[in-house]
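Residue-level listing of the chains:
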Amino acid sequence: MSNDVMISANDLTKNYGSFRALDKVSFEVNRGEVVGFLGPNGAGKSTTMRILTCFIAPTQGSARVNGCDVFDDPLGVRRSIGYLPQRAPLYTEMGVLEYLRFASDLRQLDPAKFVKRAKEVVEVCGIAQVLGKEIRHLSHGYRQRVGLAQALIHDPPILILDEPTSDLDPNEKAEFLEYLKRIGEDRTVMLSTHNLSEVESACARAIIVRKGRIVADGPLDEIRARSGKVRYIVWIQESAGATAYRGKGELPKKEAVEAALRGLHGVSAIQELPTDERAHAFSISSESTEDLRPEIFALIAEKGWVLLELHRDAQTLENVFRSLTLGDELRNRKLGLEEEEEEEEEDEDLDDEEDEEEEDEDEDEADDEEEDDEEVAASERRRNEEEKD
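Residues numbered from 1 in each chain as written. Predicted model: local features only at pLDDT ≥ 70, side-chain atom pairs only at ≥ 80, totals over all residues. Heavy atoms only, no water.

(A) The arrangement of the nonpolar core in detail. L38, I127, V146, L148, L159 and L161 are the most contacted members of the largest nonpolar core, which has 49 residues in total. Residue contributions to this core peak at six residues, all from helix α5 (residues 140–152). Contact partners of L161, with chain neighbours within four places excluded, come to L84, L148, F176, L180, V189, M190, L191 and S192. Listed in part, the 27 residues of the second largest apolar core include I7, A9, I158 and M190. (Core = buried A, V, L, I, M, F, W, Y, C linked by side-chain atoms within 4.5 Å. Buried < 20%, exposed > 50% of the residue type's maximum accessible area, 1.4 Å probe, protein only. Helix = DSSP H or I, 4+ residues; strand = E, 2+ residues; numbered from the N terminus. Contact = heavy atoms within 4.5 Å.)

(B) Quick peek at helix α10 (residues 293–303). Of the residues making up α10, those classed as buried are I296, L299 and I300. Buried residues of α10 fall within an arc of 95° about the axis and therefore sit on the same side. The elements touched by buried residues of α10 are β11 (230–237), α9 (254–262), β13 (279–286) and β14 (307–313). Downstream of α10 by one or two residues, G304 has phi in the positive range, about 80°. (Arc of directions from axis to C-beta.)

(C) Layout of the packing of helix α3 (residues 96–106) against α5. It is at 9 Å that the axes of α3 and α5 come closest, and there the two elements cross at 30°. Regarding the angle of α3 to α5, the classification is roughly parallel. Here α3 runs over α5; the crossing is right-handed. Where α3 abuts α5, its residues V96, Y99, L100 and A103 lie against V146, A149 and Q150. Split by residue class, the contact of α3 with α5 holds six nonpolar, one polar and no charged. (Axes fitted to C-alpha atoms, helices over the stretch in contact; angles between N-to-C directions. Parallel < 35°, antiparallel > 145°, perpendicular 65-115°, else oblique. Left-handed = near helix turned anticlockwise from the far one by under 90°. Nonpolar A, V, L, I, M, F, W, Y, C, P; charged D, E, K, R; others polar.)

(D) Quick peek at the sheet that holds strand β4 (residues 60–65). Read from one edge of the open sheet, four strands run β2-β1-β4-β5, paired in antiparallel fashion. Two strands lie at the open edges of the sheet, namely β2 (19–30) and β5 (68–69), each paired on one side alone. Relative to β5, β4 runs antiparallel, the two being bridged by two bridges. By the bridge assignment for β5, V65 is matched with C68. Relative to the sheet, helix α1 (residues 45–52) contacts β1 (5–16), β2 and β4, its axis offset from that of β2 by approximately 60°. (Pairing = 2+ DSSP bridges.)

(E) Quick peek at the side chain of E163. Checked against the element boundaries, E163 lands in the loop between β7 (158–162) and α6 (170–183). Those residues in contact with E163 that sit more than four places away from it in its chain are K45, Q86, S192, T193 and H194.

Here it is, written out as structure tokens:
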């Protein structure tokens, strides 16, 4: 893979009034990379895509695409990219081939080049059997394929996809990702999504954003190892059986193997795993973000032992994603609960006030009744006195 920088973002910031959708986002994407741009809803993914494709301007910061500045040369940026948003911008009354020709005219392709490119994108995107149909008669899956074809018709070096599989069923998603892998072999691809399986299937690197900021950026293995919950599984031959031992010296003892592995830098814990008499098996835990497999392999080679198996188990990308982005959702839920509690308290206060008002009204009514009784009694006394007189 070349080290040529195809996409560069430097301190991208975007404000919508008092709300900051992006906060000093910086990253680079090199030629030939397929990068997943991950984040929960509202994290700033689509805002970043729209800035890179010149749909909106950032409040602060700069961005370059294929060497073209999004401010100074937006037409150069647009010529360099193929863009497929969440819902493909299709004219549904057009036929598929008619739409591709329309897209090529917008890209100013000459007719001879269009014929050549149309054959290539039709094959890559798998739309040969629907070329004669109107787009409105196609399924969501085929519409996305047509959208991808228009993004590729001018053979751009950079492809930017903004949640392109959100409306597809599982089979259509799988097919789309297969097309994406083929396309990514000879161009730079940036895939914005919140679907982790898509990134694991199609991308070698991921950028994770949260509340408009980048919280992780790197190869998937490194991101999975961010939490420190990484372990290495090592199997070393213990018994040669009927065949000759192919290591150096004597067969290793369990204690010697465990002591040697425990002495490696970065090892925090080691545990023996159940196995048969043919091998020693250990689980090695590490809190280091560095990959310990080279050191483990070098140690075993130096000792002359026979390595049967060595692999690294890390957290799933989903677990890392949740640990990096779940805080906002929990805070939102907490705020929601607090608001509900405040509303309940306000309702209780209103109920108490209403009860107090009702009690006051009852007391006033009781006082009025007492006054009425006293007036009646006084009137009867006066009447009795008048009758005596």
